[in-house]
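Given next are the chains, with one letter for each unit.
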Amino acid sequence: MVTLSVLKEKEKTARLFSEKGIEQNENSLCLVAFDGKNDLGISLFDITKDKAIIKYIEPLNDVSLADGILRSTLHIAAERFVMNVFYDSETVPEDFFEKLGFIKDKQEKSLNMDKLFMSCGSCERQE
């Protein structure tokens, strides 16, 4: 079973930011997707009371998993009443967010939080 949770270990979070070449600060968090003891993917992001910035997501080649990681990251923001979410196009390709239909404004690099509460589109209803 795939589980997603924010890393509580600050050292591991710092190591992941460093390994990916992403700048970390006091507002930085890491969400990890794992199955048992196997890490499946991560999201590195900053979150304050006003906004969140998604800085890194992997793996991008598994669209379903990446979609789940993105949605889980957005959910963390929504739980904190942060509805202004942006992406760093230097570290996460803009076409990833575009493919999933999450871009709200390309110039602002903002994401559409309403999409979080809609179907991913790849899930088909089984009758």
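Because the structure is a prediction, the values reported are computed rather than measured. (Residues numbered from 1 in each chain as written. Predicted model: local features only at pLDDT ≥ 70, side-chain atom pairs only at ≥ 80, totals over all residues. Heavy atoms only, no water.)

1. Remarks on the side chain of S43
As a reminder of what qualifies: A run of DSSP states H or I qualifies as a helix once it reaches four residues; a run of E qualifies as a strand once it reaches two. Both are numbered from the N-terminal end. Two N or O atoms form a polar contact when they lie within 3.5 Å of each other; inside protein one atom must be a possible hydrogen donor and the other a possible acceptor, and for residues adjacent in sequence the pair counts only when both atoms belong to side chains. Here, residues are in contact when the closest pair of their heavy atoms is within 4.5 Å.
Assignment of secondary structure puts S43 in strand β3 (residues 38–47). A polar side-chain atom of S43 sits 2.9 Å from a polar atom in the side chain of T73. Those residues in contact with S43, other than ones at most four positions away along the chain, are L29, C30, L31, I54, Y56, I57, I69 and T73.

2. Re the nonpolar core
As a rule of thumb, soluble globular proteins bury nonpolar side chains together. Worth spelling out the cut-off: What makes a nonpolar core is a set of buried Ala, Val, Leu, Ile, Met, Phe, Trp, Tyr and Cys residues whose side-chain atoms join them at distances within 4.5 Å. For every residue, the accessible area obtained with a 1.4 Å probe (protein chains only) is divided by the maximum for its type, and the residue is called buried under 20%, exposed over 50%, and partly exposed between those limits.
Judged by nonpolar contacts, the single largest core of 28 residues is most densely connected at L70, L74, F97 and L111. Counting only elements with at least two residues in this core, the list comes to β2 (28–35), β3, β4 (52–58), α2 (63–79), β5 (85–87) and α3 (94–100). Of the residues forming this core, the biggest block, eight residues, is contributed by α2. Those residues in contact with L111, other than ones at most four positions away along the chain, are I54, L70, L74, V85, F86, Y87, F97, F102, I103 and K104. With nine residues, the next largest nonpolar core counts L7, F17, C30 and L44 among its residues.

3. What about the pairing of β3?
Successive side chains on a regular strand alternate, one facing one side of the sheet and the next facing the other. So the rule is basically this: One bridge is not enough; two strands pair if DSSP finds at least two bridges between them.
Among the ten residues that make up β3, seven are buried, leaving the element largely enclosed by the rest of the structure. Relative to β3, β2 runs antiparallel, the two sharing eight bridges. Directly across from D35, in β3, lies its bridge partner N38. Counting the residues in the hairpin turn of β2 and β3 gives two residues, including G36, whose phi is positive at 65°. Hairpin connection of β3 to β4: four residues between the antiparallel strands.

By themselves, these observations are geometric and do not establish any function.
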